[in-house]
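Single-letter residue listing:
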Amino acid sequence: MSSILQGICGSPGIAIGRAVVIGNPLGKVNRRKLDPAEIPAELARYEAATQRAKEELRAIVSGLDDKPHAHAVLEAYALMVDDPLLKTSVNRWIEVEKHAAEWSVTQAIEELAQQMGRATDPYLRERSRDIEFVGEHLLRAFGRDREQLAATKHGSEEHEQSVLVARDLSPADTAGFVSNSVVAFVTERGSRTSHTSITARALKIPAVVGVTDVTRAVSHGDRVIVDGLRGIIVIDPSPEELREAQVRAEKARARSRDLATTRDSASRTRCGVELVLRANVEVPEEAKEAHDEGALGVGLYRTEYLFIDRAHPPTEEEQLQAFASVIEMVHGAPVVLRTFDIGGDKFASTFKLPVELNPMLGLRAIRLAEARPEVYLEHLRAMVRSCANGDVRIMVPMVSSLAEFRWAKHMMLSALSQVRAEGFDVPREPPLGVMIEVPSAAILADHFAREAAFMSIGTNDLIQYTLAVDRASRNLAYLASPFDPSISRLIRSIVEAGQRHQCPVSVCGAMAGDPLSACLLLGLGVREFSMEVGAIAEIRETFRRVDLEEARTVAKAAFELSTATEVEAVVRRMFEPRLHDLLTGDDDPVEET
Ligand code: PEP
Ligand code: MG
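The following paragraphs examine the structure supplied in this document. (Residues numbered from 1 in each chain as written. Chains lettered and ligands numbered in written order. Predicted model: local features only at pLDDT ≥ 70, side-chain atom pairs only at ≥ 80, totals over all residues. Heavy atoms only, no water.)

### What about the site of ligand 1?
Now for step 1: Taken together, 17 residues are adjacent to ligand 1, and R302, R338, G458, N460 and R471 come closest.
Now for step 2: For ligand 1, an oxygen atom lies 3.4 Å from a polar atom in the backbone of G458.
Now for step 3: Within the backbone of T459, one N or O atom sits 3.1 Å away from an oxygen atom of ligand 1.
Now for step 4: Starting from 290 Å² of accessible surface for ligand 1 in isolation, the protein chains cover 100%.
Now for step 5: At three residues, the largest contribution of residues to the shell around ligand 1 is made by helix 18 (residues 459–467). (Near = heavy atom within 4 Å. Polar contact = N/O pair within 3.5 Å; in protein donor to acceptor, adjacent residues only side chain to side chain. Areas by Shrake-Rupley, 256 points an atom, 1.4 Å probe, with all protein chains shown as cover. Helix = DSSP H or I, 4+ residues; strand = E, 2+ residues; numbered from the N terminus.)

This is how it looks when you write it as structure tokens:
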């Protein structure tokens, strides 16, 4: 019988595939003492399992032809299976401690992961999760003979695609595992604005996040339906459930094909108010898709993706190359380069970050830049040099005081004069904007509006910090509502500050890419929206069905009402019937009376 697990909609869409489980607990193995006579056979069993695990990993790698990052990760795993340190330790547990091979693997992996977890080198610390994955893979290779494995891989479901099921995925994992054969993500951690969800939406892959204990509930090879529209997964679906999911998936695909036909039309409301829709991108290739979707350039390039999962920062030239390719792909439209936002849930092994009790409130983004000015200067030099290629604007994240913004400006001007002195042609000083995503900056928006070239509201963090809710927390996700009246008030005051000082204001958090909250933003005075590439067509269509006066009416309600539930109810009542198809993927819009 099938079972249904409820999670949080991380990224819309419906996909069906076989589960590839990363992060099954290692603790399920029974402890068994060996008779000395059994030892040689047990050593041989371990060796055979090692070979099988390696073969299986290499088989996955060969299915990921065009994804170099995933290749590198899985190749590294295949090497780790063979690691001499691991082998010595497992052999010792078998020969000296006289434990069965599976238990010995568990012990050896635990020891290694603990050692790595304690390492002072953050790169090694991050890798401790990988060694656990390798251990899980090894354990799965026991007890299965080749025929069984072959049957799973080459049986009647030969070309069935994979659903990645994990406790958590780093932004690099998410981006890296995208391939034609990985069609959806499911994680135990995360919320709608955690980076797994953001990346999945950017890559247009359905994702359900925050599913409690999913790595225990799902086994490797189970068939799973991932319904990113309803936020559920169905394990071992019945033929009936499978058929229904296939129909819904086809409808969702047809809808996105329909929406794609509007990509060349201007973005405006039903009553004709012109709007600007830009794209948020994480990897340069997305910029091409953004352009194809009709986005007016890139409103947020999360440049920190260049820094993650590597032992040293990228060179100035490497960075310049990435920026230049994004600029080229949007054919002259603006590109907003955000200086790296590392720390918080975007932990980068590149930097020696201290272990903090509250990383979200710690050494993150501009604070990290101040701690590593030489890296920041090089980063800014690459950004400034890229101005020669197009309409580049630079933006500073996580700013909580004017002093931080002024320091960033000082660094940008130093980078500019340095590169000019070296003979690089930088035609103009790039506009330097600020992200308003910390409540103190929102409260002081009028001061920022005087000094910054533009302000971009990061609603993901603004909600997290205003409501004191960890954006990655599954259990508290219900508190982090974009409809909370406190958020509307802050956004309105930022918009007004921008208007008073002729400082353009945009929104680049997830509120801009969600049909209902985008309508609220419209009513609050926002005219420029930047969102994941996958949301552009949907938001363009949303606005085509909405009048400004209606949006203003709901924004007014947000000021008069006192709770998120009340505000959300008003927004839904006004817009849900006509946006029903976009919100649920179920049916055509409901006719309004
Ligand atoms: C935000 O905080 O809303 C934002 C756009 O930045 P990020 O999600 O990368 O923190
Ligand atoms: Mg942010």
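### Observations concerning the coordination of the magnesium ion (ligand 2)
Now for step 1: Protein coordination of the magnesium ion (ligand 2) is provided by E437 (OE) and D461 (OD), with donor distances spanning 2.0 to 2.1 Å. Linking E437 in the loop between strand 13 (432–436) and helix 16 (439–443) with D461 in helix 18, this pair joins segments that are 24 residues apart in sequence. By the burial criterion, E437 is buried, and D461 matches it. (Donors = N, O, S within 2.8 Å, 3.2 Å for Na, K, Ca; no water. Buried < 20%, exposed > 50% of the residue type's maximum accessible area, 1.4 Å probe, protein only.)

### Let's talk about the environment of M383
Now for step 1: Secondary-structure assignment places M383 in helix 14 (residues 373–385).
Now for step 2: The spatial distance from the C-alpha of M383 to the C-alpha of F323 is 7.2 Å, given a sequence separation of 60 residues.
Now for step 3: Filtering out sequence-adjacent residues up to four positions away, M383 remains in contact with T303, F323, L337, R338, T339, V392 and I394. (Contact = heavy atoms within 4.5 Å.)

### Let's talk about the nonpolar core
Now for step 1: Counting 109 residues, the largest nonpolar core has Y376, M455 and F529 as its most contacted members.
Now for step 2: Looking at which element gives the most residues to this core, the answer is helix 15 (residues 402–421), with nine residues.
Now for step 3: Looking at which domains feed residues into this core, each of domain 2 (262–272 + 434–593) and domain 3 (297–430) supplies at least three.
Now for step 4: Setting aside its immediate chain neighbours within four residues, F529 contacts L275, V276, L277, R278, V507, A512, A518, L521, L522 and F543.
Now for step 5: V105, A108, M116 and L164 belong to the second-largest nonpolar core, a separate cluster that totals 39 residues. (Core = buried A, V, L, I, M, F, W, Y, C linked by side-chain atoms within 4.5 Å. Domains from an automatic or database assignment.)

### Focus on the sheet that holds strand 8 (residues 232–235)
Now for step 1: Taken in spatial order, the eight strands line up as 1-8-7-3-4-5-6-2 in an open sheet, and their pairing is mixed. Only two strands of the sheet have a single partner each, and these edge strands are strand 1 (3–6) and strand 2 (8–11). Ignoring strand direction, the axes of neighbouring strands in this sheet form an average angle of 30 degrees.
Now for step 2: Where strand 5 (residues 182–187) lies against strand 6 (residues 207–209), two bridges are found, and the strand directions are parallel. Each residue of the ladder has a partner; that of F185, found in strand 6, is A207. (Pairing = 2+ DSSP bridges. Axes fitted to C-alpha atoms, helices over the stretch in contact; angles between N-to-C directions.)

### Regarding the pairing of strand 11 (residues 335–338)
Now for step 1: On strand 11, burial covers both faces: V335 and L337 on one face and V336 and R338 on the other are all buried.
Now for step 2: Sheet topology note: the strand 10 (residues 298–302)/strand 11 ladder contains three bridges and is parallel. Its bridge partner being in strand 11, R302 is matched across the sheet by R338.
Now for step 3: Note: strand 11 against strand 12 (residues 392–396), four bridges, orientation parallel. Bridge assignment links L337 to a residue of strand 12, and that residue is I394.

### A word on a nonpolar patch on the surface
Now for step 1: Residues L476, Y478 and L479 make up a contiguous nonpolar surface patch of about 320 Å² in total accessible area.
Now for step 2: Relative to the helices and strands, L479 is located in the loop between helix 18 and helix 19 (485–500). (Patch = residues over 30% accessible without salt bridge, like charges linked within 9 Å, V, L, I, M, F, W, Y side chains within 5 Å. Salt bridge = Lys/Arg side-chain N within 4 Å of Asp/Glu carboxyl O.)

### Some thoughts on helix 10 (residues 239–260)
Now for step 1: Between its first and last C-alpha atoms helix 10 spans 31 Å; for 22 residues at 1.5 Å apiece the expected length is 32 Å, and the two agree.
Now for step 2: Regarding helix 10, the residues found buried are L242, A245, R248, A249, A252, R255, L259 and A260. Buried residues in helix 10, looked at end-on, bunch into an arc of 150 degrees, giving them a common side. Turned more than 90 degrees away from the buried face of helix 10, the exposed residues are P239, E240 and D258. (Expected span 1.5 Å × (residues − 1). Arc of directions from axis to C-beta.)

### A word on the packing of helix 12 (residues 316–329) against helix 14
Now for step 1: At a minimum axis distance of 9 Å, the contact between helix 12 and helix 14 shows a crossing angle of 40 degrees. Taken together, helix 12 and helix 14 sit at an angle that is classed as oblique. The chirality of how helix 12 crosses helix 14 is right-handed. The residues of helix 14 that touch helix 12, namely those facing E316, E317, Q319, L320 and F323, are E378, H379, R381, A382, M383 and R385. (Parallel < 35°, antiparallel > 145°, perpendicular 65-115°, else oblique. Left-handed = near helix turned anticlockwise from the far one by under 90°.)

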